[in-house]
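A closer look at the structure
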Amino acid sequence: MKPRRWWLTAVFLLLLIACAPALQPTFAVEGSEPNPAEELVGTVFRWLNFALVAGTIGYLTLKYAPGWARRRADQIRTSLSEAAAAKAAAEQELREAEEKLARLAQEIGELRTRAREESAREAGRIRAHTREEIEKIERAGQAEIEAAEHAARLELKAAAARLAVERAGTLIRSEITAHTQAVLFESFLENLARSPH
């Protein structure tokens, strides 16, 4: 409680206590003397006391209540302006959050599109690389086939030549007689004698 409010409350309570006896009605007891408070003078003093207390309370109320009401109104206005500023800030944050949410959906769509494009490019790159590898394997296979074919031909020629030599040797041995050998030997010696050394 603020000091000024406490002081006003204390004054009000003291005045109320002071006025309480004056406002109480008095009852006459039988066989006793009349009470001066019940007479006209007592009633006037009671009303004067009441007017004094009520006036003091009214004066204090008129003196301090407007300032208190103004301060309270200023506090309320300040609170209202702070609440309005907080509400505006909250609405701004809400709008920003909604914009971010809308942008988020758009960004997700862009990311998906980019992912599809990158996936398609990667698939194309993999297909091209696979084609290159297949072509390399085909070329290597073709080279191996050609080398094997060449080796087989050479081997076949060598085998054919061997067979031809063997067959020729067999044929010559079967057809050469002792007389043919002697004629061949003599012709060889003649050729040898004619050839320059």
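Below, the discussion takes up the overall build of the protein. Looking only at helices and strands, the protein features 3 helices and 0 strands. Sequence-ordered secondary structure for the protein, helices as α and strands as β, is α-α-α. Counting over 197 residues, the protein shows a buried share of 5%. Long-range pairs, those at least 24 residues apart, make up 60% of the contacts in the protein with a sequence separation of at least 6. Surface accessibility of the protein: about 17200 Å² in total, with carbon and sulfur atoms responsible for 64%.

Before going further, it helps to spend a moment on a nonpolar patch on the surface. On the surface, a nonpolar cluster with roughly 530 Å² of combined accessible area is contributed by Leu 40, Val 41, Val 44, Phe 45 and Leu 48. Looking at the element boundaries, Leu 40 is found in helix α2 (residues 40-175).

Here the structure, examined in full by the defined rule, presents 6 salt bridges. Between Glu 122 and Arg 125 there is a salt bridge whose closest N-O contact spans 2.5 Å. Note that Glu 122 and Arg 125 are positioned in helix α2 at a spacing of 3 residues, about one turn of the helix. Using a relative accessible area of 35% as the deciding quantity, one classes Glu 122 as partly exposed. Residue classification places Arg 125 among the partly exposed positions, given a relative accessible area of 48%.

Further remarks concern a negative patch on the surface. Where like charges cluster on the molecular surface, the negative patch consists of Glu 93, Glu 96, Glu 98 and Glu 99. On the secondary structure map, Glu 93 appears in helix α2. For Glu 93, a relative accessible area of 54% puts it in the exposed group.

Bringing α2 into the picture now. Here α2 contains 136 residues, and its C-alpha end-to-end distance of 190 Å stays within 8% of the 202 Å for a straight helix at 1.5 Å per residue. At Tyr 64, α2 shows its largest kink, close to 35 degrees, and the proline Pro 66 lies no more than four residues downstream. For α2, the complete set of buried residues consists of Gly 42, Val 53, Leu 60, Tyr 64, Gly 67 and Gly 169.

On to the confidence of the model for the protein, then. Low pLDDT means the predicted atomic positions in that stretch should not be read closely. Summary statistics for the protein give a mean pLDDT of 80 and a share of 81% for residues scoring 70 or more. When pLDDT is averaged over each helix and strand of the protein, the minimum, 64, is found for helix α1 (residues 3-23) and the maximum, 86, for α2.

Here is what the cut-offs are and how they apply
Residues numbered from 1 in each chain as written. Predicted model: local features only at pLDDT ≥ 70, side-chain atom pairs only at ≥ 80, totals over all residues. Heavy atoms only, no water. Helix = DSSP H or I, 4+ residues; strand = E, 2+ residues; numbered from the N terminus. Buried < 20%, exposed > 50% of the residue type's maximum accessible area, 1.4 Å probe, protein only. Contact = heavy atoms within 4.5 Å. Areas by Shrake-Rupley, 256 points an atom, 1.4 Å probe, with all protein chains shown as cover. Patch = residues over 30% accessible without salt bridge, like charges linked within 9 Å, V, L, I, M, F, W, Y side chains within 5 Å. Salt bridge = Lys/Arg side-chain N within 4 Å of Asp/Glu carboxyl O. Lys, Arg positive; Asp, Glu negative; His and termini not counted. Charge placed at Lys NZ, Arg CZ, Asp CG, Glu CD. Expected span 1.5 Å × (residues − 1). Bend = angle between axes of the 7 residues up to and from the residue. pLDDT = per-residue confidence, 0-100.

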